[in-house]
Every structure is written in C-alpha cells, then in structure tokens.
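Spelled out from the first residue to the last, the chains are:
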Amino acid sequence: MGPPNLPPHEIYWNLVKKADKNFITFKQLPICGSNLQKHYFQKALDPYTKLWKFQKDCRSELVEAGVKRWEVGDIASRIAQIYHENYERSSDPRSLNDSFLFFEAILTREYFKGGLSTSHSLDLVLVKKQMRFLARFLIVCLLLNRRVFVDDLYKRLRSQLDECKLFFPQDTDFKEYEQLVREINRFLRADTPFMNLRSLRYTPVLDSRPDSEEYVASLEAGAEKGLRLRGAILSSYHHNEVKFTEFTLDTFRMHQCLEWEPSGSFYRVSTGGPDVPGIVGSNLPANSRNIVLYRRSSAQFLAVLATVCEDLPSDGILLVYLSAGKSSEASTVPAAHVPGNIQSLSIIADMSLDSPIRSRNDSDAPVPHSSSRNVDDQDFGNGKGLWLGAGGNGDRDCIYPSDLIPFTRWPFFLIVDSDVSDMFKAGILTLAVQRTENGKITAILLSPRPALPSVHGVDFARTRSGSQFTMFLTAPLQAFCSLLGISSQNIDRDMYNEAEDHLSLSMNEWGRNLAVPGSLGPVWTEVLGDPFLRRIVLRFLFCRAVIALYTPTSNTEEYIPQCLPPLPDSVLPRSPTSQSAVRRLANFFGVVNSFSFS
C-alpha cells in the first residue's frame, strides 16, 4: 500500500491513482479476443477492493483529511462498473449480480446525494455523478429483469433531470441526459406488459426439455461432435428503432433468450452487501459469450465475427443474429438521422473518471479475406445488403451473404430478420450444403420477407414493440397474442400460465416428432443437442405454423419463415401435429376463426 510512515490520506490517494490506471486499461481492452481478459479484470478489481477495505479501516482519518463521501461512492461505483464490464466480456451472471450489489449499496447509502432538497447551492458535478450512476444501475437492473428497480430508477433519473434544469437554467449541458431519458421511456413503453410476465431467459423449472431429449442425446452421441452454443453475435439496426444504449428491443430480447435464468433457485447469493460481493455458487452451466453490436461498420462487424470464430472451442457453435433493413434504405435517411455511435452511451460508461467514452472499436482485429465475394456478385449495388446503419457510408456499412461464407468453416447458426432475408437463401445455401457434406454445420432461420397485411392494427415484420419474428423466437406466447390483437389487460397471471402449459405441450410434441429415428439430417442432429438452439428451433416451428395457418397469410409463400436445411415433413405447418398445436392455443383464446385449418 505504500511506505508505513505515510499518512492514511496519502496512502489512500496513491491507491486511487493506481486503481484508476488499471481501470482505464481494462476498459480499453477489445470486448472480445483477448486471452488476458481474466487477468486484466482481476488486475482492475484488486486495487479497488484494497481501497474499499482501506477507507473502511481508516474512515475517521480520511474524513479529517478532507475525503468526501461521494469519493467513497466513486470507489463503489468503479467496482460495480468493473463487474459489469466483466459480464459484458464473459456473460458471467455472477459478475452482473455483483455489480447490482454495489450499485444497490450506493443507492441505499446515498453516496451521491446532493443538497438539492436543502439548499439552492447544489454542486452540479455531484448531481451529474448521481445521474450517471442511476443510468448505469438501470442497465444492470434491466439485464437482471428487476423491473421494480428499473421503474424506480427511471423515475429518479427523470426527476433529477427536471430539478437540475430548474436549478441550473443557464446550464445547457443536459442534452445527452434528456436523450437518455427519452430512450429509456420509449424502451419501457415499447416493451409490452406481456414481456414482464415471465423471464425470457432459459429457466430449467419452466423450460423443461422436450420428452425427446434422451433420444436427441443418443443421436448426438453417435454424431461427430456434441455441439454447444459457445458464442453469439447480435446485431440490429432499423431507422428510428427503439433502443437503449447499444441494446435495441430485438437484440435485448435475443440476448436475454440466450442466457440461463440466474434466479434464487439456482444461485446462492451471499449476504452482507458489497463487503461480501456476489454469487458464490451455481449448478447451472456457463452462459455462451454474447456480444451486442449496434451501428458498426461492416469491417468492425466482420472483425468481431472473425475473432469470435477463432476463439470458438472444438465443441462450440456460433449463433449470428442479424436484424436490419435493406441497404437501399441508407440513401433515404437524412444525414441528421445518422448520428455517431456514442450517443447516450457516452454519459454512462467512461474511460477516465467521469469523462465520456469513445465507443469500442474492434476494427484492429483480423478480418479474413473473402475470396468468395464473386460467388454471388448480384447481391452488390442493388439494395440487397443488410444495412448496419453505421454512418451512411454505403457499401461499407452493409453486410452481404458472401461476407459470411468464410465463417461457415466453423459450426454456424444464422438468424436473419429482414425484409430481404430471402437473399441469404440464394447467397449462402450452395456453399453451406457443400460445407455440410464435409462435416461443417450451417443452419439458417429466415424471417418472412414482407410485412404481414395489417390486422388488428399490427404489422408482422416491424412494430413499435420490435420485430414479431424475433418475438416469436424469444417470447412465442406474447408474439401470438400480439399478432391476434389479444390485449395483456385481458390476461391474468393464472390464465397466462395455463396458456404457457398449452404451448409447452405443443413444443414437446414437435420434439418427439423430430426425434423419430432417421428423420433428422446431420445439421439438425448437431444443433438440437443444445437446449438454447433447440428451444429457438421449436419456437420457429410454432411461428411458421401460426403464420402458415393464419387466414390473411395462409396461401402466400413469401410470408412463411424458412429454415435451411429443411426440417422433416412431420413438423411442416400443415402436418397434424402443427395444426393441433395452433388449434389448441387458438381454442384457448377463442380465435379459431382467425385460422384456416384443414
């Protein structure tokens, strides 16, 4: 800690200086690809842990020397941020829970509480610290699905901003906070009440594995590999899309869907607040490494993809989720609507003490040369790319099917949610089939291309509550209700749980059909061994059956989601099992007349 003859306050500030330096180094690491992530995480955490203990042991001396209460709060905030950063890099739920504990301590002990209620001489710097803290804590609570905290923190943040504008009318440095509050408000309003009835995460108690699990496991044992989801890259961009920081509604839901539920049933949380941090035990497997990318250039996206593929273990399969509009949309959006990547993120994540952060840039990672770009040249220059919306740079901000072909060397699970999703069928299928013949696994799920004809005021492809195709994959019962115009106000929790039971029975039936010997090809045999991917595939079957049997779209092929390679005929929309599944749920909600059964 320093020479023993130094006074406590000098030891304290030396520790602060060292801790801040390590913190900045950790924050500057690329979000993926570094083999030293754990090392730098621990190196960043240890000095703050010592600092936290030291300020407790020498509190009176430090107070006498002029150390302020909010400076102690800064230590707790930094520890919370380090844990959150580690969660972003590892998807370790224990780190997210530890972050929550320290943020909660700051809130409870009011480390950043200013004198607004007692004096007009409010310290503006302190107030902004409070607002940054509230925004950071809100993100953690949103990821943990602690909606009561989310609502409370949003009200606190909005109230704090209103009071600041009242007390400091001459200060105009509130635009980022105003934008942040607007984003949170839109996000919470768009995330329908249905979404709060049940966690989107995989909950072993509720998401019981299909009855066919044992047989799928036996198929997997006879396969070359037993693949497990080890990584996911989630990217979404649509003009004027509802978002909060780097999460859009769609990527947030997919992110939640690909994690285990860290509930009290499976994690034992230690007591004592931030002094004894975190979750100390778990009987659940580790989460896959999930990376969310928002408004990145194609070079940045492909660099991250290349890095993740290189790090994929031998038993791993990578999921890539792309939700975006066609590239020709880029020319229709005014320049004023193409802001930089930083946006509201800059005020809630910092490189140095309370200074704005530049958005992460992983473009220095290696990008494989794609010699296959001429495989499907027709996808260039004619509006058939997916626009990532990075900065209005035309082709440089678009992803094409041929861009992804080099990555089919690894086991690859692709989900495309776009009105030009069909281009991936032609652009990647041929090579994917060749790779499959050579033992490489490529599975693809494609959304419907056009928007569903407006029924009950809902468009299928894009709504104010995000994409309904993505909603079907992450929250199928909510998507069904949304499509049929069934209001959440008409469903209580018991009724909702009963509907979930109906849907679960249907999923089990599809699972049994898929487990019939000889019905599955090698791709799906490998994919269905993973609980997360199996759940997504079964929900895809439900989505496809609903849309194919839904009267307004029942005879129109372009509205039907597609999968590659094809799944068995026994799970096609017009199969007895599929029709029975949709009819069962339609009967429950009294909407049978909305479907065309044979």
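Here goes a summary of the coordinates provided. Please read these numbers as outputs of a predicted model, since none were measured by experiment. (Residues numbered from 1 in each chain as written. Predicted model: local features only at pLDDT ≥ 70, side-chain atom pairs only at ≥ 80, totals over all residues. Heavy atoms only, no water.)

## Re the overall build of the protein
Next, step 1: Across its full length, the protein carries 19 helices and twelve strands.
Next, step 2: Counting the 598 residues in the protein, one finds 58% classified as buried.
Next, step 3: Residue pairs in contact within the protein that sit at least 24 positions apart in sequence constitute 77% of those at least 6 positions apart. (Helix = DSSP H or I, 4+ residues; strand = E, 2+ residues; numbered from the N terminus. Buried < 20%, exposed > 50% of the residue type's maximum accessible area, 1.4 Å probe, protein only. Contact = heavy atoms within 4.5 Å.)

## Let's talk about the environment of valine 420
Next, step 1: Along the chain, valine 420 falls in the loop between strand E10 (412-417) and helix H13 (422-437).
Next, step 2: For the pair formed by valine 420 and glycine 325, sequence separation is 95 residues and the distance between their alpha carbons is 7.4 Å.
Next, step 3: What valine 420 contacts, discounting residues up to four positions off in sequence, is Lys326, Gly385 and Leu386.

## Looking at the pairing of strand E7 (residues 316-326)
Next, step 1: Counting buried positions over the eleven residues of E7 gives ten, a clear majority of the element.
Next, step 2: As judged from the nine bridges shared by strand E1 (residues 228-237) and E7, these two strands associate in the parallel manner. Note that in E7 the partner of tyrosine 237 across the bridge is alanine 324.
Next, step 3: Relative to strand E8 (residues 386-387), E7 runs antiparallel, the two being bridged by two bridges. Its bridge partner being in E8, lysine 326 is matched across the sheet by leucine 386. (Pairing = 2+ DSSP bridges.)

## Looking at a positive patch on the surface
Next, step 1: Residues Lys17, Lys18, Lys21, Lys43 and Lys50 make up a contiguous surface patch of positive charge.
Next, step 2: For the positive patch, the elements supplying multiple residues, two or more each, are helix H1 (8-28) and helix H2 (37-57).
Next, step 3: Top element by residues in the positive patch is H1. It accounts for three residues. (Patch = residues over 30% accessible without salt bridge, like charges linked within 9 Å, V, L, I, M, F, W, Y side chains within 5 Å. Areas by Shrake-Rupley, 256 points an atom, 1.4 Å probe, with all protein chains shown as cover. Salt bridge = Lys/Arg side-chain N within 4 Å of Asp/Glu carboxyl O. Lys, Arg positive; Asp, Glu negative; His and termini not counted. Charge placed at Lys NZ, Arg CZ, Asp CG, Glu CD.)

## A few points about unusual backbone geometry
Next, step 1: Geometrically, the link from leucine 564 to proline 565 is a cis peptide bond, its omega value of -10° lying close to zero.
Next, step 2: The topology assignment puts proline 565 in the loop between strand E12 (562-564) and helix H19 (576-589).
Next, step 3: The phi dihedral of asparagine 145 falls on the positive side, at around 60°, and the residue is not glycine.
Next, step 4: Within the secondary structure, asparagine 145 sits in the loop between helix H6 (124-143) and helix H7 (147-167).
Next, step 5: A residue is classified by how much of its surface remains accessible, and asparagine 145, at 24% relative accessible area, is partly exposed.
Next, step 6: In this structure, arginine 295 is a non-glycine residue whose phi angle is positive, near 55°.
Next, step 7: Here arginine 295 lies in the loop between strand E6 (289-293) and helix H11 (298-311).

## What about the nonpolar core?
Next, step 1: Ranked by internal contacts, the top residues of the largest apolar core, which has 143 residues, are Leu319, Phe413, Trp524, Phe589 and Phe595.
Next, step 2: Setting aside its immediate chain neighbours within four residues, leucine 319 contacts Leu229, Gly231, Ala232, Ile233, Leu234, Leu258, Phe413, Ile415, Leu533 and Ile536. (Core = buried A, V, L, I, M, F, W, Y, C linked by side-chain atoms within 4.5 Å.)

## A look at the pattern of salt bridges
Next, step 1: What the rule picks out here adds up to 13 salt bridges.
Next, step 2: Here glutamate 246 and arginine 296 are joined by a salt bridge, their closest N and O atoms 3.6 Å apart. Separated by 50 residues along the polypeptide, glutamate 246 in the loop between strand E2 (243-244) and strand E3 (247-248) and arginine 296 in the loop between E6 and H11 bring together distant segments of the chain. An identical accessibility class is assigned to glutamate 246 and arginine 296; each is buried.
Next, step 3: Close ionic contact of arginine 584 with glutamate 509 constitutes a salt bridge, the shortest N to O distance being 2.9 Å. Placement of the pair is arginine 584 in helix H19 and glutamate 509 in helix H16 (residues 493-514), with a sequence separation of 75 residues.
Next, step 4: Here glutamate 509 falls in the buried class, since its relative accessible area comes to 19%.

## Focus: helix H4 (residues 69-90)
Along an α-helix, residues three or four positions apart point the same way, because every turn accommodates 3.6 residues.
Next, step 1: Here H4 contains 22 residues, and its C-alpha end-to-end distance of 32 Å stays within 8% of the 32 Å for a straight helix at 1.5 Å per residue.
Next, step 2: With 18 of its 22 residues buried, H4 lies for the most part within the structure.
Next, step 3: Positive phi appears at serine 91, one or two residues downstream of H4, with a value of about 60°. (Expected span 1.5 Å × (residues − 1).)

## A word on the pairing of E6
Next, step 1: Along E6, five of the five residues are buried, which leaves the element largely enclosed by surrounding structure.
Next, step 2: Residue alternation in E6 divides its side chains into two sets, Arg289, Ile291 and Leu293 and Asn290 and Val292, and both sets are buried.
Next, step 3: Note: E1 against E6, five bridges, orientation parallel. Its bridge partner being in E6, leucine 234 is matched across the sheet by valine 292.

## A closer look at the packing of aromatic side chains
Next, step 1: Taken as a whole and assessed by the stated rule, the structure comprises 30 aromatic pairs.
Next, step 2: Between phenylalanine 469 and phenylalanine 540 the ring centres are 6.5 Å apart and the planes differ by 90°, which places this aromatic pair in the edge-to-face class. On the criterion of sequence distance, the pair formed by phenylalanine 469 in helix H14 (residues 468-474) and phenylalanine 540 in helix H18 (residues 531-549) is long-range, its members being 71 residues apart.
Next, step 3: Using a relative accessible area of 1% as the deciding quantity, one classes phenylalanine 469 as buried.
Next, step 4: Take phenylalanine 540: its relative accessible area is 0%, and that puts it in the buried class. (Phe/Tyr/Trp six-rings, centres within 6.5 Å; stacked < 30°, edge-to-face > 60°.)

## Focus: the environment of leucine 62
Next, step 1: With respect to the secondary-structure elements, leucine 62 resides in helix H3 (residues 59-64).
Next, step 2: The class for leucine 62 is buried, based on a relative accessible area of 2%.
Next, step 3: C-alpha separation for the pair leucine 62 and glutamate 10, spaced 52 residues apart in sequence, amounts to 9.3 Å.
Next, step 4: Those residues in contact with leucine 62 that sit more than four places away from it in its chain are Pro8, His9, Tyr12, Phe54, Gln55 and Val67.

## Section: a negative patch on the surface
Next, step 1: On the surface, Asp492, Asp494, Glu498 and Asp501 cluster together into a patch of negative charge.
Next, step 2: Summarising the element assignment, aspartate 492 is placed in the loop between helix H15 (476-483) and H16.

## So, the packing of H6 against H7
Next, step 1: The N-to-C vectors of H6 and H7 enclose an angle of 160°; their axes lie 9 Å apart at closest approach. Considering their axes alone, H6 and H7 lie roughly antiparallel with respect to each other. The two elements H6 and H7 meet at a crossing, and its hand is left-handed. Touching Val127, Gln130, Met131, Leu134, Ala135, Phe137, Leu138, Cys141 and Leu142 of H6 are Arg147, Phe149, Val150, Leu153, Tyr154, Arg156, Leu157, Gln160, Leu161 and Cys164, all from H7.
Next, step 2: Classifying every residue of the contact of H6 with H7 gives 15 nonpolar, two polar and two charged. (Axes fitted to C-alpha atoms, helices over the stretch in contact; angles between N-to-C directions. Parallel < 35°, antiparallel > 145°, perpendicular 65-115°, else oblique. Left-handed = near helix turned anticlockwise from the far one by under 90°. Nonpolar A, V, L, I, M, F, W, Y, C, P; charged D, E, K, R; others polar.)

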